[in-house]
Structure formats: C-alpha cells, structure tokens
Amino acid sequence: MKNQWLNYFSGTVKVKINGRGIERFINACLRNDIFIWKVKKHDEYTASFYMLLKDVSKIRHIARKSECKLYFIERSGMPFLIKKTLLNSGFLIGTVLFLFLFFLLSNMVWNIQVKGAKPETEHLIFKELQKMGIERGAFQFMIDDPETIQKKLTDRIEAITWIGVELKGTTFYFQVVEKNQPKPEKKTGVRHLVAKKKAVITDMFVEEGQPLVSVNDYVTKGQILVSGFIGKDGQTKTVPARGKIFGETWYKSTVVLPLQSTFQVFTGKYYEKHYLSFKNLSLPVWGFKKPTFSHYEIEQQKKPFRFWRWELPLFYERVIYREKEKVERNYSWEEAFQKAKEIARKELLSQLEDDASIKGEKILHQAKENGKVRLEMHYQVIENIGIPQPIIQGD
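If you're wondering where the values come from, they're calculated on a predicted model, not measured in any experiment.

Caption draft 1: Focus on the overall build of the protein chain. For the protein chain, the count of helices and strands is eight helices and 22 strands. What you see for the protein chain is a C-alpha radius of gyration of 43 Å, clearly larger than the 21 Å of a compact globule of 395 residues, by over 25%. On the principal axes, the C-alpha backbone points of the protein chain span a range of 140 × 60 × 40 Å. A total of 395 residues make up the protein chain; the buried ones form 33% of that total. In the protein chain, the proportion of contacts linking residues at least 24 apart, taken out of those at least 6 apart, comes to 66%. Carbon and sulfur atoms make up 53% of the accessible area of the protein chain, which amounts to about 26600 Å² in all. Between the mean site of the 64 positive side-chain charges and the mean site of the 45 negative ones, the protein chain shows a separation of 13 Å.

Printed below as a string of structure tokens:
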C-alpha cells in the first residue's frame, strides 16, 4: 500500500472475521468504500485484513447484516498512541516537568568562585556582583556577558588591576590580579634636568644635583635647570639630578562654537521585546506591540540556553528600544562666549599634569561670524617644566 505513513496518522486496525460468507462480507465492504488491504484467508470460515480506523463504524453496520463476527486484534497509529499517552499522563507530565526543571536549573548560577583576591577585595567583588544581579539562583540569560562583567568590575573596584571572568556550566570563576604597592624606583643613570619649554621660574624643589637657575629667571627650551655635575673644580662627580622646577608657561587656545546646534539625547524611556531564537527563526514570548517611539536606538542581547554542561542552539534574545529625541540648543551671544571660555579651559586642563594650575587667563580675540562665536584665549600656567636629559660620557 502506498503512503502508509499517512495511515499512521489516521490510525489502522487489523480485523479478524469468523463465520459463513466471508467473500460476500469483503465484497460488501468494497461496495461501501471501505478500504481494506492485506486480506488473508486462514480457513473456510476465518480470514483477516487491515482497514482504516475511520471506517470502523461502517464495517460494524455491514457485520450486523451478515453471518460473520468481527474481532479487532491489532491497533496502530497516532490516535492509539495519543490515547495510550493520555492514560499514562501522570508519567508524561512528570517527565516533562523534570526536563523543564532540569533545563531551568542548568541556566541558573549555582556557584561563584573568586581566586587571587584578599578577603576585603573579595568582599567588594561580591558586593558589586550583587548590584549587577549576579548571585546564586540568578538566571544566566538575564545577566551581563563575561566581557561586560569584567569591564564593570575593573572600572568600579580600584584595588584590582585585572580580573578574569569565565562561566563554566553553572559556575562563575573570577581570577583576580590585585594592584601591588609601588615598587622602589629603579636606579636611574646620571642626568641633568632641562626645561621642556620656555618659562619664567616661579619655584624650585631640588632633591639632588646643582641648580643653575633661580626664581624669576627666564629659561628657554632645552636649557639646563639642574646639573648632574656636583662638587668643586677637580672634585666633581655625576649624579642623577632630581627635583621639580615650576615655571610660568603660556598657552593659546581657540574655540569656535555655533549659536544653534541639534543633537540626539535619550529620554530614559524604553520598550523591551523578548524572543526565543533558533538559528534565523525568532519566536516572540513577551512584548508583542510595536514601540510607540518615533526615534529610537536598538540594543540587542543574545544568550544561549544550556542543558547541563552543553550549550544548546536555542537562544534567549532581548531587544531594547531606547527612545531618543532631537534637542535644539540655542545660545545668546553672551552665553556662547561664556560656554566657549569653559570649553577652552577644560581642553587645556585635560592636557596638563595633575600638579599644574592655571594662574591667569585673558581674552585675545572674540568675534561673531556666520552664526558662530570665535574665541581666542591666552593662559598663564604654573607647571613642572623640568625633564631628565641623560649625561653622555664626554659632556
């Protein structure tokens, strides 16, 4: 019989008939469009064949008008499998619940191990992990990936230099490298301290070496400030010159700022959609509406599900739509000049060392041109101008 697999879904039965007039009974079945196959006659009064489950009611009607009795000796196909499954539904439900529970437990965090950290540093790490929602019982697909966790911990905890983050099964492993105490300075070679730029000396702190300049002296770039040669004539020796030589230096900064500018900012509103993904197929499980935002930025997070130690080709996907809005910023001429001064000052401070300071500032030029302000500033800065210069043999 062709396409037997189709009969599997509709169900088939094997029928045994017993009595007189077997041939008449089979002919009656065929006349009533009852499809039968594998007809086999065992003796004069007994035969068997297969038929579709849907025709059982028809054949019973024919059997009542004949001298034959019917016996259903075999049943097969999907309808009987479903019936058998329903009769054993307790076992089925228990199996499904067990697999579902096992699946959930495989996607949770059950252990967190931190190695290489002192007790106080380990305590700080656990506190930060708790803020990020990483603790025992947390679902893995609801927390950040190891790379993001590593970056956040490194930025937030000053006591660590580096931290390795690895997720194996249901356990997070953290390998910590803490910051060491500053090592003693390496022995430096003999050297001078020279000026890195032209300046007027304002203060001097010489630890070692022979000062060659004084406060209020004007120096040029490359001029020796502290010599590495000490001692009197005929009894000199070379040392690594050390110290800080502060001088007044000068900077010029130019800033051009438009009166009107347009830019995008986040409003803080967002909408989330959640999917179960398999390869290129995504099935939405939460968040079925379209975001009502006119302008937005999409952030996607995709994490695989696990079953015990194995990573499944099934993913949890979280899509976040963050609303953006266009903002127009308008300055008056006076506000624009003031803002330009702030920008110029911040840019200068970002270039200076921590021990430098701005002594004074002066506007060199300010102008209004094509809807923009142009500002030129002059700054007086106090900073350490001494830099080392090795003493070459023969100097």
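Caption draft 2: Examining the packing of aromatic side chains more closely. Under the criterion given, the structure shown has seven aromatic pairs. With 5.8 Å between their ring centres and 35 degrees between their planes, F35 and W37 make a pair best called tilted. With 5.3 Å between their ring centres and 75 degrees between their planes, Y296 and Y321 make a pair best called edge-to-face. With Y296 in strand β18 (residues 296-307) and Y321 in strand β19 (residues 310-330), the pair connects residues that are 25 residues apart, well separated along the chain. Residue Y296 is classed as partly exposed on the basis of its relative accessible area, which comes to 36%. By relative accessible area, which is 11% here, Y321 ends up buried. Three or more aromatic residues joined by ring pairs form one cluster here, namely F35, W37 and Y50. The aromatic ring of F266 is capped on one face by K324, whose charged end is 5.9 Å from the ring centroid.

Caption draft 3: Representation of the sheet that holds strand β3 (residues 46-52) within the structure. The four strands lie next to each other as β2-β3-β1-β4, forming an open sheet whose pairing is antiparallel. At either end of the open sheet lies a strand with only one pairing partner, and these are β2 (36-43) and β4 (68-76). With direction set aside, neighbouring strand axes in the sheet form an average angle of 20 degrees. Looking at chain direction, strand β1 (residues 12-19) and β4 are connected through eight bridges and run antiparallel. Within β4, the position partnered with I17 by the bridge is L70. Packing against the sheet, helix α2 (residues 22-31) makes contact with β1, β2, β3 and β4, and its axis sits at approximately 175 degrees to β2.

What counts, and at which threshold
In this numbering scheme, every chain counts its residues from 1 along its sequence in written order. With the structure being a predicted model, the display of local features is reserved for residues of pLDDT at least 70 and the display and counting of side-chain atom pairs for 80 or more, all residues being used for whole-chain, interface and lining totals. Only hydrogens and water are removed before side-chain values are computed, so all heavy atoms of the structure are retained for them. Helix and strand assignments come from DSSP, with helices taken as H or I runs of at least 4 residues and strands as E runs of at least 2, each series counted from the N terminus. For this measure, only C-alpha atoms enter the radius of gyration; the expected value for a globule follows 2.2 Å times N^0.38, where N is the number of residues. Only protein chains enter the area calculation, which uses a 1.4 Å probe; residues under 20% of their type maximum are buried, those over 50% are exposed, and those in between are partly exposed. Whether two residues touch is decided by their heavy atoms; if any such pair falls within 4.5 Å, the residues are in contact. Every accessible area reported is derived by Shrake-Rupley at a probe size of 1.4 Å, with residue values counting cover from the shown protein chains alone. Counted charges follow a simple rule, with Lys and Arg positive, Asp and Glu negative, and His plus the chain ends left uncounted. To locate a charge, the coordinates of NZ of Lys, CZ of Arg, CG of Asp or CD of Glu are taken. Classification of ring pairs uses Phe, Tyr and Trp, with its six-membered ring standing for Trp, and accepts pairs whose centres are within 6.5 Å; under 30 degrees between planes counts as stacked, over 60 as edge-to-face, and the remaining range as tilted. By definition here, charges over rings are those cases where NZ of Lys or CZ of Arg is within 6 Å of the ring centre and within 35 degrees of the ring normal. Each pair of strands is called paired provided DSSP finds at least two bridges between the two strands. Orientation is described by lines fitted to C-alpha atoms, with helices fitted over the stretch in contact, and by angles between N-to-C directions that extend from 0 to 180 degrees.

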